Amino acid sequence: MVKYFADIYNSTTAILSGMYLTINHLFRAKKGIATLQYPEERWPRPERTIGFEHGSYNVIRSRLHVDIDDCIGCLKCERACPVDCIKIETEKSPNRGEDIKDINHIGITSNSTKKALVVTRFDIDMSECCYCNLCTYPCPEECIFMTGGPNESRHSIDYEFSEPERTDLIYHFSKPGTKDGLQEMLNNREAEA
Amino acid sequence: MTVDFIYNFLNDLLPGFLGNDLLLILAMLLPFFALFGFITIYGFGVIYAELKVSSFIQDKTGPMGQGYGFHAGKWGLLQPVADGLHLFFKEDIIPATADRPLFILAPFLIFIGMFVGIIAIPFGEAIIISDMNIGIFYILGIGSLAVIALILAGWSSNNKWALYGGMRSAAQIISYEIPAGLSLIVVILLASSLSMQEIISYQSGGIFNWIIFDNPFMPIAFIIFFISALAETNRTPFDLPESESELVAGFVTEYSGARYAFFFLSEYVNMFVISAVAATAFLGGWQSPFPNFLNTPAWSVFWMISKAFFLVFVMIWVRWTVPRLRVDQLMHLCWKVFIPIGLFNIFGVSIWTVLRG
Ligand code: SF4
Ligand code: SF4
């Protein structure tokens, strides 16, 4: 009999103390919330402390980016890629080293190399990329690189690039319309001549 | 606000405008639409409250949004609307081996059982759809319709989890009807009436005349009623019929889309009904807590709804605090704790009323 009432007393007090706890959390909601509204708010990224300056640490594995204005279409990155996820197509430039305004092509890279080729297609399938960084080393113009980190000045970091469609993960770096534009331009010139 | 009252009112307002029969149908439809609108708004509100309260209790934000488009509106206010649309546009699957007519009937039956209970709930001196002289008895009886619906749902799904869930809920609801009834009997003893309005008028004149403060037995009766009623709604901590970890989803396992929404909504309507009954029987119903102050009809609706909503809030609060009981613990609580104490309560209150004269 005593145990019966002791049990009732114990369970009542246990439930009440539990409810006291939860109501406290309810009223503390404003400052106690542990979750973030992700796309709008983010946790700050911790600074990397690996012993030396950020700039002298030149490997970061975030997302590839290509400065297409600097790319000379040498295909070295395509050959270096172990998973073959870079696809490059080029056309011979009609005037080596000259800008072609119609298709927004710039003739000379920032390293003042004259471009002999127009890059008509430069696709990287980021769903296949294994982030090995092997493609960035051979590039003579240093125009293919991982975003952020030591390259922060060229492209801010981007490691969150989920997409609703798998094909959206194929990044097209060549300027849109380059291929058709170039063909059309050559046809026009032929017609004029 | 009975149908007769509306009928006479409309008849005075538009004499000879409509035929007598049409007018009667109109007078019946008006409270129906009022109720339906109330339930819809209440449903959205309580689902939103449930999401937010549960999240705050767990230190989360709950549904949030920073605008429109694919966000759920400011503070996620559109989340219940999105949930509702989602449920209603989902594919409605009826299993091939299910007992089709019964499977289709069950969600309607449970919804009708909950819906019809509201008509006997008084929101004010004249604001009650049907002022029956056996109101409280009627609500208890109609509420038990849910058992049939749940067993139908469990049986007709032709699924072992659903059947287990249905059996469990039947056992649970039938068991907990007894302590709920026992503690209402105490109220009926004091008010010496089964009519909701007379139970409320017994409690007129401020907070200390409410039945819960009437004598030392009443708080116990209130707690027993509230917990038993909570058990009848099949909500955590009494959600054994649909305990996810054991029974997938219990009797709603095979339901989807709009039919599932009916089960879902009827749970929340049921919460309101039992909170309103608890408020009527123990907390003075639509009476203001201050004697002769804020006691006009508009305020009476406010008092009734706020008392009921407070109890609904307590149910949500309990749900996110207390873990689920085991089946044997559930039966132990009902048969070995609530029923003896409930019987003792009746005994005590009877003696109390006799001694008080
Ligand atoms: S990082 Fe590696 S896998 Fe990715 S594109 Fe470059 S070479 Fe290919
Ligand atoms: S290695 Fe550099 S320059 Fe050569 S194709 Fe690749 S990105 Fe262009």
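Being a predicted model, the structure only gives us computed values, none of them experimental.

> It is not clear to me how the overall build of chain B should be interpreted in this structure. Could you clarify?
Check the secondary structure of chain B and you find 13 helices and 0 strands. Helices and strands appear in chain B in the N-to-C order α-α-α-α-α-α-α-α-α-α-α-α-α. Taking 2.2 N^0.38 as the reference for a compact globule, 357 residues should give roughly 21 Å; the C-alpha atoms of chain B span a radius of gyration of 21 Å, in line with that estimate. Principal axes of the C-alpha set define a box for chain B whose edges measure 60 × 60 × 45 Å. The buried share among the 357 residues of chain B stands at 50%.

> How should the environment of Ser275 of chain B be read in this particular structure?
Following the sequence through the fold, Ser275 of chain B ends up in helix H11 (residues 257–282). Spatially, the C-alpha atom of Ser275 of chain B lies 7.4 Å from that of Phe309 of chain B, the residues being 34 residues apart in sequence.

> Got a minute to help me understand the site of ligand 1 in this structure?
Around ligand 1 sit 13 residues, and of these Cys81, Cys129, Cys132, Asn133 and Cys135 of chain A come closest. Of the residues in the shell around ligand 1, the class split is 12 nonpolar, 1 polar and no charged.

> Help me understand the nonpolar core, please; the structure alone is not making it clear to me.
One recurring pattern in soluble globular proteins is that nonpolar side chains are buried together. All names here are of chain B. In terms of nonpolar packing, the biggest core is built from 98 residues, with Ile139, Met218, Phe225, Phe263 and Phe282 touching the most fellow members. Broken down by element, the residue count for this core peaks at 13 residues, all from H11. Setting aside its immediate chain neighbours within four residues, Phe263 contacts Ala106, Pro107, Ile110, Leu150, Ala153, Phe251, Val252 and Tyr255.

> It is not clear to me how the interface of chain A and chain B should be interpreted in this structure. Could you clarify?
Accessible area lost during the coming together of the parts is what is often quoted as the interface size. Chain A puts 16 residues into the contact, and the matching count from chain B is 20 residues. Carbon and sulfur atoms supply 69% of the area that chain A and chain B bury against each other, a total of about 1600 Å² over both sides. Connecting chain A to chain B are 0 salt bridges. Counting every contact that joins chain A to chain B gives 5 residue pairs in polar contact (both at pLDDT 80 or more). When residues of the side of chain A that touches chain B are traced back to their parent elements, those giving at least two are helix H1 (2–27) and helix H2 (29–32) of chain A. The element best represented in the side of chain A that touches chain B is H1 of chain A, accounting for 9 residues. Residue classes in the side of chain A that touches chain B are distributed as 9 nonpolar, 6 polar and 1 charged.

> What's the story with the packing of aromatic side chains in this structure? I'm lost.
Aromatic ring pairs are reported here in terms of the distance separating the ring centres and the angle at which the planes meet. The tally for this structure, following the rule as stated, stands at 29 aromatic pairs over all chains. Measuring from centroid to centroid gives 6.3 Å for Phe122 of chain A and Phe173 of chain A, while their planes differ by 85 degrees, and the two rings are edge-to-face. Note that Phe122 of chain A is positioned in strand E3 (residues 117–125) and Phe173 of chain A in the loop between strand E5 (170–172) and helix H4 (178–192), a separation of 51 residues in sequence. Under the relative-accessibility criterion, Phe173 of chain A is labelled buried at 12%. Each member of the aromatic cluster is reached from another via a ring pair, and the members are Phe38, Tyr42, Phe123, Phe272 and Phe309 of chain B. Taking the ring centre of Phe161 of chain A as reference, the NZ or CZ of Arg63 of chain A above it sits at 5.9 Å. Across the ring face of Trp161 of chain B, the terminal group of Lys160 of chain B is positioned such that the distance to the ring centre comes to 5.3 Å.

> How do you make sense of the sheet that holds E3 of chain A when you look at a structure like this?
Neighbouring strands of a sheet are bound in pairs by backbone hydrogen bonds; such pairs are parallel or else antiparallel. All names here are of chain A. An order of E2-E3-E5 is seen for the 3 strands of this open sheet, with the pairing classed as antiparallel. Two strands in the sheet have a free side with no partner beyond their single neighbour: strand E2 (86–92) and E5. Neighbouring strand axes in the sheet, compared pairwise and without regard to direction, differ in orientation by 15 degrees on average. Direction of pairing for E2 relative to E3: antiparallel, over a ladder of 7 bridges. By the bridge assignment for E3, Lys87 is matched with Asp123.

> Can you walk me through the pattern of salt bridges in this structure?
Side-chain pairing between opposite charges can occur once the charged atoms of the two side chains come close. Applying the stated rule across the entire model yields 10 salt bridges over all chains. Note that Asp158 of chain A is salt-bridged to Arg63 of chain A, the shortest N-O span being 2.8 Å. With a gap of 95 residues between them, Asp158 of chain A in the loop between strand E4 (144–146) and E5 and Arg63 of chain A in the loop between H2 and strand E1 (64–66) connect regions that are remote in the sequence. By relative accessible area, which is 7% here, Arg63 of chain A ends up buried. Of the charged contacts, one joins Glu50 of chain B and Arg319 of chain B as a salt bridge, the two residues approaching to 3.4 Å between their closest N and O atoms.

> I would appreciate a short explanation of empty space enclosed by the protein in the present structure.
Empty space among the atoms becomes apparent when a probe as large as a water molecule is rolled across them. Residue and element names in this part refer to chain A. Taken as a whole and assessed by the stated rule, the structure comprises 3 cavities of 30 Å³ or more. By volume, the largest cavity is sized at about 110 Å³. As for the largest cavity, its lining consists of Ile68, Asp69, Cys71, Ile103, Asn104, His105, Ile106, Lys115, Val118, Val119, Lys175 and Thr178. Along the lines of polarity and charge, the residues of the lining of the largest cavity split into 6 nonpolar, 3 polar and 3 charged.

> Help me understand the packing of helix H4 (residues 100–117) of chain B against H11 of chain B, please; the structure alone is not making it clear to me.
Helix packing for two helices is described by the angle between their axes and how far apart those axes are. Residues and elements named next belong to chain B. Running from N to C, H4 and H11 cross one another at 20 degrees; their axes reach a closest spacing of 8 Å. Accordingly, the angle class assigned to the pair H4 and H11 is roughly parallel. In this structure, H4 meets H11 at a crossing whose hand is left-handed. Residues Phe103, Ile104, Ala106, Pro107, Phe108, Ile110, Phe111 and Met114 of H4 form the contact with H11, whose participating residues are Arg259, Phe262, Phe263, Leu265, Ser266, Val269, Asn270 and Val273.

> I'm lost on unusual backbone geometry in this one. Help?
Most peptide bonds take the trans form, and the phi angle of most residues other than glycine is negative. Residues and elements named next belong to chain A. Even without being glycine, Leu75 reaches a positive phi, approximately 65 degrees. Relative to the assigned elements, Leu75 resides in the loop between E1 and helix H3 (76–80). Relative accessible area serves as the criterion here: at 25%, Leu75 is assigned to the partly exposed category. Even without being glycine, Asp84 reaches a positive phi, approximately 55 degrees. Secondary-structure assignment places Asp84 in the loop between H3 and E2. Residue classification places Asp84 among the partly exposed positions, given a relative accessible area of 49%.

> Could you clarify how one ought to interpret H11 of chain B in this entry?
Think of an α-helix as turning once every 3.6 residues; residues three or four places apart then point the same way. An ideal rise of 1.5 Å per residue puts 38 Å on 26 residues; H11 of chain B measures up with 38 Å between its terminal C-alpha atoms. Of all 26 residues that make up H11 of chain B, 21 are buried, and the element is covered over most of its length.

> Explain the environment of Val187 of chain B here, please?
Residues and elements named next belong to chain B. In this structure, Val187 sits in helix H7 (residues 160–191). On the basis of relative accessibility, which here comes to 0%, the residue Val187 falls in the buried class. For the pair formed by Val187 and Ala281, sequence separation is 94 residues and the distance between their alpha carbons is 6.5 Å. Not counting residues up to four positions away in its chain, the partners in contact with Val187 are Ile199, Ile211, Met218, Ala281 and Phe282.

The rules we used
- Residues numbered from 1 in each chain as written.
- Chains lettered and ligands numbered in written order.
- Predicted model: local features only at pLDDT ≥ 70, side-chain atom pairs only at ≥ 80, totals over all residues.
- Heavy atoms only, no water.
- Helix = DSSP H or I, 4+ residues; strand = E, 2+ residues; numbered from the N terminus.
- Rg over C-alpha atoms; globule rule 2.2 N^0.38 Å.
- Buried < 20%, exposed > 50% of the residue type's maximum accessible area, 1.4 Å probe, protein only.
- Near = heavy atom within 4 Å.
- Nonpolar A, V, L, I, M, F, W, Y, C, P; charged D, E, K, R; others polar.
- Core = buried A, V, L, I, M, F, W, Y, C linked by side-chain atoms within 4.5 Å.
- Contact = heavy atoms within 4.5 Å.
- Buried area = accessible area lost by both parts, 1.4 Å probe.
- Salt bridge = Lys/Arg side-chain N within 4 Å of Asp/Glu carboxyl O.
- Polar contact = N/O pair within 3.5 Å; in protein donor to acceptor, adjacent residues only side chain to side chain.
- Phe/Tyr/Trp six-rings, centres within 6.5 Å; stacked < 30°, edge-to-face > 60°.
- Lys NZ or Arg CZ within 6 Å of the ring centre and 35° of its normal.
- Pairing = 2+ DSSP bridges.
- Axes fitted to C-alpha atoms, helices over the stretch in contact; angles between N-to-C directions.
- 1 Å grid on protein atoms, 1.4 Å probe; cavity = no way out; pocket = protein on both sides within 12 Å on 5 of 7 lines; lining within 4 Å.
- Points joined across faces, edges and corners; volume = space filled by probe spheres on them.
- Parallel < 35°, antiparallel > 145°, perpendicular 65-115°, else oblique.
- Left-handed = near helix turned anticlockwise from the far one by under 90°.
- Expected span 1.5 Å × (residues − 1).

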